[in-house]
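Given next are the chains, with one letter for each unit.
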Amino acid sequence: MAKRVISVVGGTGSQGGGVVEALLARGDFTVRVASRNPNSDAGRALAARGVEVVAADLLDPGTLRAAFDGAHGAFLVTNFWDPSQAGRETEVGAAAVEAARTAGVEHLVWSTLPDVASISGGRLDVAHFTDKSRVDAVVRAAGFARHTLVQAPFYFQNFLTLLAPQPLPGGGSGWAVPIDPAPRVIHAGDVSEVGRAVAAAFSAGDRLPDGSVLAVCGGLYSWNDFAATLNGLGHQLTVVQVPPETYDGFFPGARELREMFQYFAEFTYFGPQRDAHLAATAALVPEGFTSFADWARVHMKR
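What counts, and at which threshold
- Residues numbered from 1 in each chain as written.
- Predicted model: local features only at pLDDT ≥ 70, side-chain atom pairs only at ≥ 80, totals over all residues.
- Heavy atoms only, no water.
- Axes fitted to C-alpha atoms, helices over the stretch in contact; angles between N-to-C directions.
- Helix = DSSP H or I, 4+ residues; strand = E, 2+ residues; numbered from the N terminus.
- Parallel < 35°, antiparallel > 145°, perpendicular 65-115°, else oblique.
- Left-handed = near helix turned anticlockwise from the far one by under 90°.
- Contact = heavy atoms within 4.5 Å.
- Nonpolar A, V, L, I, M, F, W, Y, C, P; charged D, E, K, R; others polar.
- Buried < 20%, exposed > 50% of the residue type's maximum accessible area, 1.4 Å probe, protein only.
- Core = buried A, V, L, I, M, F, W, Y, C linked by side-chain atoms within 4.5 Å.
- Pairing = 2+ DSSP bridges.

Student: Give a description of the packing of helix H1 (residues 14-26) against helix H8 (residues 194-204) that names residues and reports values.
Tutor: Where H1 meets H8, the closest approach of the two axes is 7 Å, and the angle between their N-to-C directions is 50°. One finds that H1 runs oblique with respect to H8. Between H1 and H8 lies a crossing of right-handed hand. On H8, the residues that touch Gln-15, Gly-18, Val-19, Ala-22, Leu-23 and Arg-26 of H1 are Val-194, Gly-195, Arg-196, Val-198, Ala-199, Ala-200, Phe-202 and Ser-203. Split into classes, the residues belonging to the contact of H1 with H8 amount to 8 nonpolar, 4 polar and 2 charged.

Student: I'd like a rundown of the environment of Ala-188, residues and numbers included.
Tutor: Tracing the backbone shows Ala-188 in strand S10 (residues 186-189). The exposure class of Ala-188 is buried, given its relative accessible area of 0%. Along the chain, Ala-188 and Gly-27 lie 161 residues apart, while their C-alpha atoms are 28 Å from each other.

Student: Help me get a handle on unusual backbone geometry, residues and values and all.
Tutor: In the Ramachandran plot, Thr-268 falls in the positive-phi region, its phi being about 70° despite a non-glycine side chain. Positionally, Thr-268 belongs in the loop between helix H11 (254-267) and helix H12 (274-284).

Student: With reference to specific residues and values, describe the nonpolar core.
Tutor: Phe-154, Trp-223, Phe-261 and Phe-264 are the most contacted members of the largest nonpolar core, which has 41 residues in total. Among the secondary structure elements, those contributing two or more residues to this core are strand S9 (173-177), S10, helix H9 (223-231), strand S13 (237-241), H11 and helix H13 (292-299). If one sorts the elements of this core by residue count, H11 sits on top with 7 residues. Residues contacting Phe-261, with those up to four places away along its chain left out, are Phe-154, Leu-163, Pro-178, Ile-179, Trp-223 and Tyr-247. Core analysis: the next-biggest nonpolar cluster, separate from the first, contains 31 residues, Val-8, Val-51, Val-150 and Ala-200 among them.

Student: Before we move on, could you go through the sheet that holds strand S4 (residues 73-76) and cite the residues and values that matter?
Tutor: The strand order across the open sheet formed by 7 strands is S3-S2-S1-S4-S5-S6-S11, and the pairing between neighbours is parallel. Looking along the sheet, the strands with just one partner apiece sit at the ends: strand S3 (52-55) and strand S11 (213-215). On average, adjacent strands in this sheet sit at an angle of 20° to one another, irrespective of strand direction. Pairing between strand S1 (residues 5-9) and S4: 4 bridges, direction parallel. Each bridged residue has a counterpart across the sheet, and for Val-8 the counterpart in S4 is Phe-75. Most of the contacts of H12 go to S11, to which it runs at about 85°, and overall it touches strand S6 (146-151) and S11.

Student: Before we move on, can you summarise the pairing of S9 with the specific residues and values?
Tutor: Extensive coverage of S9 is indicated by the burial of 4 of its 5 residues. In terms of strand pairing, strand S8 (residues 166-167) meets S9 through 2 bridges, oriented antiparallel. Counterpart to Pro-167 in the pairing with S9 is Ser-173. Between S8 and S9, which pair antiparallel and follow one another directly, the connecting turn spans 5 residues, one of which, Gly-171, has a positive phi of 105°. Of the pairings in the sheet, the one linking S9 to S13 comprises 5 bridges and is parallel in character. Within S13, the position partnered with Trp-175 by the bridge is Val-239.

Here you go:
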């Protein structure tokens, strides 16, 4: 019998790429990737590995039919940081969910994050969390035979990009942060490993309770933990706490990140329901996920 198809929207990105790799490693399904440009280098490389690559654009829901038609399952992730999705993440996500349901997808896995607005009683504005979470209700109400929500962690990869160590005003390098750097409040992990939980969810089928929320996490860390791990590898990094108003002036968009860190400090990254969501993931992926120490030894050697 032909293998059932899993369609991956965002299959050339950080999360979706990990999903593709994990699905290919398991071998339980045929993998289809939606791409704006199937003839790109990334698209051709996937096709050479047996992945079906089809033309579809998340910003044009009408084109998603090609991605979803005949697929048993679909993984869907939006990208708040993509300028073309700016301010539209809820709209874009909801339209893609409806397109998947109309096409007959049976099992949808939606990549989401906690609802910071609701959790904080409206005090904190972290759009790149809350805008995703608002699609959750659309997923639950759509009527899929099965649906699963997956929450990605604070990416270890952030330390190679936006949150790479920077020169500090008092000398040296490291991070200036708007919260106490000592408490362990940041659930972090390797973004590529989100795919392992997603692939396991598709393979588990009805052995995974419908509507499960999976929180993917390599560990719970403080800012001081990150610095200590890297210093153990030969770096010389420090963490200093700065007032919120100082942090807000560091760069465009700093206020949203400051409120995100404030949310972490009050509720942790995965929020008040973290224990249940982490337990569901541990039951599905008992081998766990890569720790920061193991990841950093590979990716952040001195």
